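Residue-level structural notes
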Amino acid sequence: NGANGANGANGANDTNNAGASTADEETGCSRAMGEFDTVLADYLFGSLEYFWPFNEENLMELLVRRVAPGGTLLFIGREPFAYPTSRGFKALPEASRLVLETERLRDGAMVLSHQRAYREFPERAIREALARRGLVVEARAFFRTRHTARSLAGQLDWAAAEARRVPDAALSAALLKRVEEVRAGAASCEGLRKGHYLGGNYALVCSRVEGSEAGRAEGGR
């Protein structure tokens, strides 16, 4: 997903937040690129919060404008986890708790090291945004995610790397300690040994209807 794709260099947020280029300038550059019969958005929105925060509407406008009338947009994203209340969390299977805490450790460490965490967008929100711009979902698939101790180890390595960047030494050490506790729990978890399914990824095949006014300013607001 967008979060899993790369750890990302710190400082990208500072550049984007500085507003080096306005949304209008970005749109102008995008229009100059022209339109295409096929456009692929491959986990694009999952990294948006990190690199270009609060601009999901602008990015969707830029994306849809690239699809030629009669063209196809292929959109792939990860459905965000549904986090329960504290009481509900305790009632979850051990494997689910470990998967969710791994993501929270990574995101928490990123925020505490003065970065922005990645944020996934649910399929429902994406479909609604596309529909407002005249795109029709022709086909859809959902792929469940299978988690193992090995797959969690990679995410915990990432969480540890972010925890080391936390300026407060005591807080950094506490986060690293918890990362290793979760790692040990994952290694001994029977559910993860078998493979535990939680969450998943969605794929949408969308068409832009001939004559539709995709990308109208009022359509995306």
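Right above here is the structure, for reference.
Residues numbered from 1 in each chain as written. Predicted model: local features only at pLDDT ≥ 70, side-chain atom pairs only at ≥ 80, totals over all residues. Heavy atoms only, no water.

1. Quick word on the nonpolar core
Selection criterion: Residues grouped as a nonpolar core are buried Ala, Val, Leu, Ile, Met, Phe, Trp, Tyr and Cys residues, joined through side-chain atoms within 4.5 Å. Exposure classes here rest on a 1.4 Å probe applied to the protein chains alone. A residue is buried below 20% of its type maximum, exposed above 50%, and partly exposed in between. For the purposes of this entry, the term helix denotes a DSSP run of H or I that reaches at least four residues, the term strand denotes a run of E that reaches at least two, and both are numbered from the N terminus. By the convention used here, residues are in contact when the closest approach between their heavy atoms is within 4.5 Å.
Formed by 21 residues in total, the largest nonpolar core has its most connected members in Phe45, Met60, Leu63, Leu73, Phe75, Ile126 and Leu130. Of all the secondary-structure elements, those providing two or more residues to this core are β1 (36–42), α5 (56–65), β2 (67–79), α8 (123–132) and β4 (196–208). By residue number, the principal contributor to this core is α5, which donates five residues. Discounting chain neighbours no more than four positions away, the residues touching Leu63 are Val39, Ala41, Leu44, Phe45, Leu73 and Phe75. Residues Phe81, Leu156, Ala160 and Leu192 belong to the second largest nonpolar core, which totals 19 residues.

2. Overview of unusual backbone geometry
A positive phi angle, close to 65°, is found at Phe54, a residue other than glycine. Here Phe54 is to be found in the loop between α4 (48–51) and α5. Even without a glycine there, the phi angle at His114 is positive, about 65°. Within the secondary structure layout, His114 lies in the loop between α7 (94–112) and α8. His114 gets classed as exposed once you look at its relative accessible area, which sits at 64%.

3. Some thoughts on empty space enclosed by the protein
A probe matching the size of a water molecule, rolled over the atoms, marks out where space remains unfilled. Spelled out, the test is: Only protein atoms enter the calculation, which uses a 1 Å grid: trapped sets of points that fit a 1.4 Å probe without letting it out are cavities, open sets showing protein on both sides within 12 Å along at least five of seven lines are pockets, and any residue with an atom within 4 Å of a point is a lining residue. Grid points are joined across faces, edges and corners, and a volume is the space filled by probe spheres set on the points. Residues are grouped as follows: nonpolar covers Ala, Val, Leu, Ile, Met, Phe, Trp, Tyr, Cys and Pro; charged covers Asp, Glu, Lys and Arg; every other residue, Gly included, is treated as polar.
Counting across every chain of the model gives one cavity of 30 Å³ or more. Of the voids in this model, the largest cavity is the one considered here, and its volume is about 50 Å³. Considering the residues around the largest cavity, the lining is formed by 13 residues, among which Phe45, Gly46, Gly77, Arg78 and Glu120 are closest to the centre. The element that contributes the greatest number of residues to the lining of the largest cavity is β2, accounting for four residues. Taken together, the residues of the lining of the largest cavity sort by class into eight nonpolar, three polar and two charged.

4. Here we look at the packing of aromatic side chains
Spelled out, the test is: Side-chain rings of Phe, Tyr and Trp, where Trp is taken by its six-membered ring, are said to pair if the distance between their centres is within 6.5 Å; with planes under 30 degrees apart they count as stacked, over 60 as edge-to-face, and otherwise as tilted.
Considering all chains together, one arrives at seven aromatic pairs under this definition. An angle of 70° between the planes, with centres 5.8 Å apart, marks the rings of Tyr118 and Trp158 as edge-to-face. Residue Tyr118 is located in the loop between α7 and α8, and its partner Trp158 is located in helix α9 (residues 149–163); the two are separated by 40 residues in the primary sequence. Residue classification places Tyr118 among the buried positions, given a relative accessible area of 7%.

5. Side note on a nonpolar patch on the surface
To keep things clear, this is the line we draw: Exposure above 30% relative accessible area and the absence of a salt bridge qualify a residue for a patch, where like charges join within 9 Å and nonpolar side chains (Val, Leu, Ile, Met, Phe, Trp, Tyr) within 5 Å. Under the convention used here, a 1.4 Å probe and the Shrake-Rupley method define accessible areas, while residue burial counts only the protein chains that appear. Should a side-chain nitrogen of Lys or Arg be within 4 Å of a carboxyl oxygen of Asp or Glu, the pair is scored as a salt bridge.
Where nonpolar side chains cluster on the molecular surface, the patch consists of Leu40, Leu74 and Val205 and spans about 230 Å² of accessible area. Among the secondary structure elements, Leu40 is positioned in strand β1. Relative accessible area serves as the criterion here: at 52%, Leu40 is assigned to the exposed category.

6. Thoughts on the packing of α7 against helix α10 (residues 169–188)
For clarity, the threshold we go by: For every element, the axis is a line fit to its C-alpha atoms; helices are fit only across the contacting stretch, and the angle between N-to-C directions ranges from 0 to 180 degrees. By definition in this entry, angles of less than 35 degrees are roughly parallel, angles greater than 145 are roughly antiparallel, angles of 65 to 115 are roughly perpendicular, and the rest are oblique. What makes a crossing left-handed is the near helix being turned counterclockwise from the far one by less than a right angle; a clockwise turn instead makes it right-handed.
One way to put it is that α7 packs onto α10 with a least axis distance of 10 Å and a crossing angle of 160°. Taken together, α7 and α10 sit at an angle that is classed as roughly antiparallel. Considering only the axes of α7 and α10, their crossing is left-handed. On α10, the residues touching Glu94, Leu98, Glu101, Thr102, Leu105, Ala109 and Leu112 of α7 are Leu171, Leu175, Arg178, Val179, Val182, Gly185 and Ala186. Classifying every residue of the contact of α7 with α10 gives nine nonpolar, two polar and three charged.

7. Details of the side chain of Asp107
Mapped onto the fold, Asp107 is located in helix α7. With residues near it in sequence (within four places) discarded, Asp107 still touches Ala117 and Tyr118.

8. A few points about the packing of α9 against α10
In helix packing, the relevant descriptors are the interaxial angle and the interaxial distance, both defined with respect to the helix axes. One can describe the packing of α9 onto α10 by two numbers: an axis separation of 9 Å at closest approach and a directional angle of 175°. Taken as axis vectors, α9 and α10 run roughly antiparallel relative to one another. Residues Ala149, Leu152, Ala153, Leu156, Asp157, Ala159, Ala160 and Ala163 of α9 touch α10, and the partners they reach there are Ser172, Leu175, Leu176, Val179, Val182, Arg183, Ala186 and Ala187. Residues belonging to the contact of α9 with α10 are distributed by class as follows: 13 nonpolar, one polar and two charged.

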